[in-house]
Amino acid sequence: MATSTPSTCTFTFTTYDGTELAYHVQGEGEPLVCLPGGAMRASAYLGDLGGLSAGRRLILLDLRGTGDSAIPADTSTYRVDHQVADVEALRRHLGLESVDLLAHSASGNLALLYTAAHPGRVRRLALITPTCWAVDLAESPETRLADVRRRGGAEPYDTALAAYERALAVLAAGGVPDEADWVASMPLAYGRWDEAARAHAALSPVQKNAAASAAFAGAGAFDPPATRAALGRFAGEVLVLAGELDSNPSPALAARLAELFVHGVVDVQGGGGHFPWLDEARWFAARVERFLATGA
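So, here is what we can say about the structure in this document. Sequence order as written defines residue numbering, which begins from 1 separately in each chain. Local features in a predicted model are, by the rule used here, given only for residues with pLDDT of at least 70; side-chain atom pairs are given and counted only at 80 or more, and totals for whole chains, interfaces and linings are based on all residues. Side-chain numbers come from the whole structure's heavy atoms, not from hydrogens or water.

What about the side chain of H24?
Consideration 1: Counting from the N terminus, the helices are DSSP H or I runs at least four residues long and the strands are E runs at least two residues long. As for its position among the elements, H24 is in strand β3 (residues 20-26).
Consideration 2: Judged by its relative accessible area of 12%, H24 falls in the buried class.
Consideration 3: Pairs of N or O atoms within 3.5 Å make up the polar contacts considered here, provided that, within protein, one atom can donate a hydrogen while the other can accept it, and that residues adjacent in sequence are counted only when both atoms are side-chain atoms. Of the polar contacts made by the side chain of H24, one reaches the side chain of D62; its length is 2.7 Å.
Consideration 4: By the convention used here, residues are in contact when the closest approach between their heavy atoms is within 4.5 Å. In this structure, H24 is in contact with T8, C9, T10, S43, L58, I59, L60, D62 and D68, ignoring residues within four places of it in sequence. Burial classification: accessible surface area is computed with a 1.4 Å probe over protein chains only, and a residue below 20% of its type maximum counts as buried, one above 50% as exposed, and the rest as partly exposed.

A short note on the pairing of strand β8 (residues 237-243)
In the case of a regular strand, side chains alternate between the two sheet surfaces.
Consideration 1: By the criterion of burial, β8 is predominantly enclosed, with six of the seven residues buried.
Consideration 2: Strand pairing is defined by DSSP finding a minimum of two bridges between the two strands. Relative to strand β9 (residues 263-269), β8 runs parallel, the two being bridged by seven bridges. Residue pairing in the sheet places L241 in a bridge with D267 of β9.
Consideration 3: For crossovers, right-handed means that the path from the first strand over the helix to the second runs clockwise, given strands pointing away from the viewer. In this fold, the crossover linking β8 to β9 by way of helix α10 (residues 251-258) has right-handed handedness.

Examining the pattern of salt bridges
Consideration 1: Counted as salt bridges are all cases of a side-chain nitrogen of Lys or Arg within 4 Å of a carboxyl oxygen of Asp or Glu. Considering all chains together, one arrives at 14 salt bridges under this definition.
Consideration 2: Where salt bridges share partners, they join R56, D100, R123 and E289 into one cluster.

With respect to helix α1 (residues 80-94)
Note: α-helices contain 3.6 residues per turn, so residues at a spacing of three or four share the same orientation.
Consideration 1: To estimate how far a helix should reach, multiply one less than its number of residues by 1.5 Å. Over its 15 residues, α1 extends 21 Å from the first C-alpha to the last, a length consistent with the 21 Å expected when each residue adds 1.5 Å.
Consideration 2: Taken residue by residue, α1 has V80, Q83, V84, D86, V87, E88, A89, L90 and R91 as its buried positions.
Consideration 3: One or two residues past the end of α1 sits G95, with phi positive at roughly 70°.

Quick look at helix α12 (residues 281-294)
Consideration 1: With 14 residues, α12 ought to run about 20 Å at 1.5 Å a step, and its terminal C-alpha atoms sit 20 Å apart, in line with that.
Consideration 2: Listed in full, the buried residues belonging to α12 are F284, A285, R287, V288, F291 and L292. The buried residues of α12 occupy an angular sector of 165° when projected down its axis, which confines them to one face. In α12, those exposed residues whose orientation departs by more than 90 degrees from the buried face are R282 and T294.
Consideration 3: Just past α12, the residue G295 takes up positive phi, approximately 90°. Here the arc refers to the set of directions running from the helix axis out to each C-beta atom.

Things to note about unusual backbone geometry
Consideration 1: Cis rather than trans, the peptide bond between G38 and A39 has omega equal to -10°.
Consideration 2: Considering the arrangement of structural elements, one finds A39 in the loop between β4 (30-35) and β5 (56-62).
Consideration 3: At the junction of E155 and P156, the peptide bond is cis and its omega measures out at 10° in the coordinates.
Consideration 4: Tracing the backbone shows P156 in the loop between α3 (141-148) and α4 (157-172).
Consideration 5: Phi angles above zero are rare outside glycine, and S105 is one such case at about 55°.
Consideration 6: Relative to the helices and strands, S105 resides in the loop between β6 (99-104) and α2 (107-117).
Consideration 7: Of note in this structure, D136 is not a glycine but carries a positive phi near 60°.
Consideration 8: By the element assignment, D136 lies in the loop between β7 (122-128) and α3.

Some words on the state of the cysteines
Consideration 1: Two cysteine sulfurs form a disulfide in these notes if their separation is within 2.5 Å. Counted according to the given criterion, the structure contains zero disulfides.
Consideration 2: Here C9 stays free of any disulfide, with the sulfur of C34 as its closest cysteine sulfur at 15 Å.
Consideration 3: Note on C9: relative accessible area 31%, which makes it partly exposed.
Consideration 4: Owing to a relative accessible area of 0%, C34 belongs among the buried residues under this scheme.

Structural notes on the nonpolar core
Consideration 1: Among buried residues, the Ala, Val, Leu, Ile, Met, Phe, Trp, Tyr and Cys ones that are joined through side-chain atoms within 4.5 Å form a nonpolar core. Counting 48 residues, the largest nonpolar core has L35, L127 and L257 as its most contacted members.
Consideration 2: In this structure, L127 is in contact with A103, G108, A111, L112, V238, L239, V240, L241 and L257, ignoring residues within four places of it in sequence.
Consideration 3: Listed in part, the 24 residues of the second largest apolar core include L60, A197, V288 and L292.

What follows is the structure in structure tokens.
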């Protein structure tokens, strides 16, 4: 089934367990399958990835229970390892022998698990400011605080830093941070806290499935040694793109992720945050397109 707007067409397909999933198509050219982060945020927040749709046909998947995709009968399938089969079902539905795959933030984990399980189905892999729980790479709270404190000394960053410190302290104590602190810390996620960034951040609570997000990285989702071993045998090319101002992952952690691959490369977008296509769209789109066209 398909519906459309002047710039985007929306299609649906049925995945392995009978759940109807939606994906949105923008642009013309070679297809690029795009997995949104959040975790479990509707793919609409990706926009056209800074104009990447000018040369690529973006296939933006709404993960199960998000955006226009249906809520599964079994909500335990929100766990990321179960969603690997959704990506494979999409590839089959599209009739593609292999895919170029782009994943942002938390869906970096989904892309890593998919690549480990189906290495022959991935041609090139672009990981955009990815979290790396699937391979047991994560920033410590101390490192994350040190990274973001570089932005202190002026508003709105001083207020955001105070909120971020409170949230991390609660997490370290095993608690659940106040949602207001996460909201107040959002300027730290963007390279520029301008009108576009504020509007983008304001949509996050509406676009994210909170229950699915909580289940995404649940117990049993990851087997880091096995995933690392599989990725070390992956013959395709990999770009890990980090934002200079991002703390999750930092450029240093992104470089460690790239080193797991035979053909991995890291690049750092100057002045970029966690959503780098919003900070410098032209640079971002050109860098990703160059990778997709010529490799690492």
